[in-house]
Every structure is written in structure tokens, then in C-alpha cells.
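In case you want the letters, here they are:
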Amino acid sequence: NGRVAFAPKVGVVVFLLKGDKVLLGRRRSHVGYNTFALPGGHLEFGESFEECAAREMKEETGLDIDKIDYLTVTNNVISREAKPLHVVAICMRAVLADPNQMPQNLEPDKCDGWDWYDWNDLPKPLFGPLETMVRRGFNPFSYQSK
Ligand code: 8DG
Ligand code: MG
Ligand code: MG
């Protein structure tokens, strides 16, 4: 059944906040190549959103995070790609467990490297789903989840 390959996936992405800054990395993956995106990945079987956020952050950046909470959810249909993609993205917020810990680029095949960017001066181009959130006025610093 070919439709299984096109089933929606669940993504978990993390707004890691430090002062007025957020952690972003430029993607090397086919989907969103060369765009700036949040750390994150796919929810694994049996995981909570918080567990997935902490695991993906550790795998991709080596960072340990704290105060992980849920912000919002976005529905992302990316159909420009050769293989259409539909990801429901659970958006989480967190801070560094140790404010002095530095991000490492642990998946260099997927990312050019991680850095902190001022929320009011974000790099371009942003990854499509993130760009859409910003355009709609979403702000991870002031956002109160309901
Ligand atoms: P995995 O194999 O480690 O589980 O997955 P990954 O390779 O780390 O997946 P990813 O593409 O980094 O993230 C999963 C999906 O989440 C991505 O294809 C689309 C969705 N997504 C958004 N916004 C963002 C974002 O800002 N950053 C990331 N990384 N993914 C995002 O909707
Ligand atoms: Mg990952
Ligand atoms: Mg990822």
C-alpha cells in the first residue's frame, strides 16, 4: 500500500531560548536545504513530546535542556518537494540546563552548524514551517500555551 509512505508524520521541534536569542541551524537535508531551522526530529514510538524534544536536542547539538514545555502545533504540508511531506509539528520551548554549555554540530550531514540568533533579527531564509509561524506573528518568548 503506497499510501503508507505518504502518511503524515509527527515532528517535535524546540525553541531553545537564551536571553533574546533562539538556537537555529542551516539544514543540509533535502527538505528545506540551506534554510535555517530549529533543532528537532520525529517522534518515536512510545515517547512523550518532552522526551522527544530532549532526545533530538541531545542527538543534534549535544545540549541538555530544562523547563521543557508545550507551545503550539502546526500542520505542515510540503508539496513542492519530489516526495511530498506532511508533518504535524509539535512546537516545544526550553532553556539550557547549563547556560554555559555550547552547541556542537553532531549531525554534520544534516546541518551546517548551530548558532544563537536574535529573535528580532532572524537569519534568512528560514525553513518554510518556521517562516510561516514568524509571518503570522508567533513569538516563542511571549507565547502562553493554552
Ligand atoms: P530524525 O530522523 O532525527 O527523527 O528526524 P530529523 O532528520 O531530525 O527530522 P527533521 O527534518 O529535522 O524534523 C522533522 C520534521 O519536523 C521536518 O521534516 C519538518 C518538521 N519541522 C517543522 N519545523 C521545523 C523546524 O524548524 N526544524 C526542524 N528540524 N523540523 C521542523 O515543521
Ligand atoms: Mg534528528
Ligand atoms: Mg532534525
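Residues numbered from 1 in each chain as written. Chains lettered and ligands numbered in written order. Predicted model: local features only at pLDDT ≥ 70, side-chain atom pairs only at ≥ 80, totals over all residues. Heavy atoms only, no water.

**Overview of the nonpolar core**
- Judged by nonpolar contacts, the single largest core of 16 residues is most densely connected at L16, L23, M57 and I65.
- Counting only elements with at least two residues in this core, the list comes to strand 1 (9-18), helix 1 (49-61), strand 6 (85-96) and strand 7 (111-118).
- The element contributing the most residues to this core is strand 6, with 4 residues.
- Excluding its chain neighbours within four sequence positions, the residues that come into contact with L16 are K21, V22, L23, M57, L63, I65, A94, V95, L96 and W116.
- Core analysis: the second largest hydrophobic core is formed by 15 residues, L71, C91, W119 and L130 among them. (Core = buried A, V, L, I, M, F, W, Y, C linked by side-chain atoms within 4.5 Å. Buried < 20%, exposed > 50% of the residue type's maximum accessible area, 1.4 Å probe, protein only. Helix = DSSP H or I, 4+ residues; strand = E, 2+ residues; numbered from the N terminus. Contact = heavy atoms within 4.5 Å.)

**Observations concerning helix 2 (residues 128-135)**
- Of all the positions in helix 2, only P129, L130 and M133 are classed as buried. All buried residues of helix 2 lie within an arc of 100° about the axis, which places them on one face of the element.
- Of the surrounding secondary structure, the elements contacted by the buried residues of helix 2 are strand 1, strand 2 (21-27), strand 3 (36-37), strand 5 (65-78) and strand 6.
- Taken from the residues just after helix 2, G137 is the one with a positive phi, measuring 90°. (Arc of directions from axis to C-beta.)

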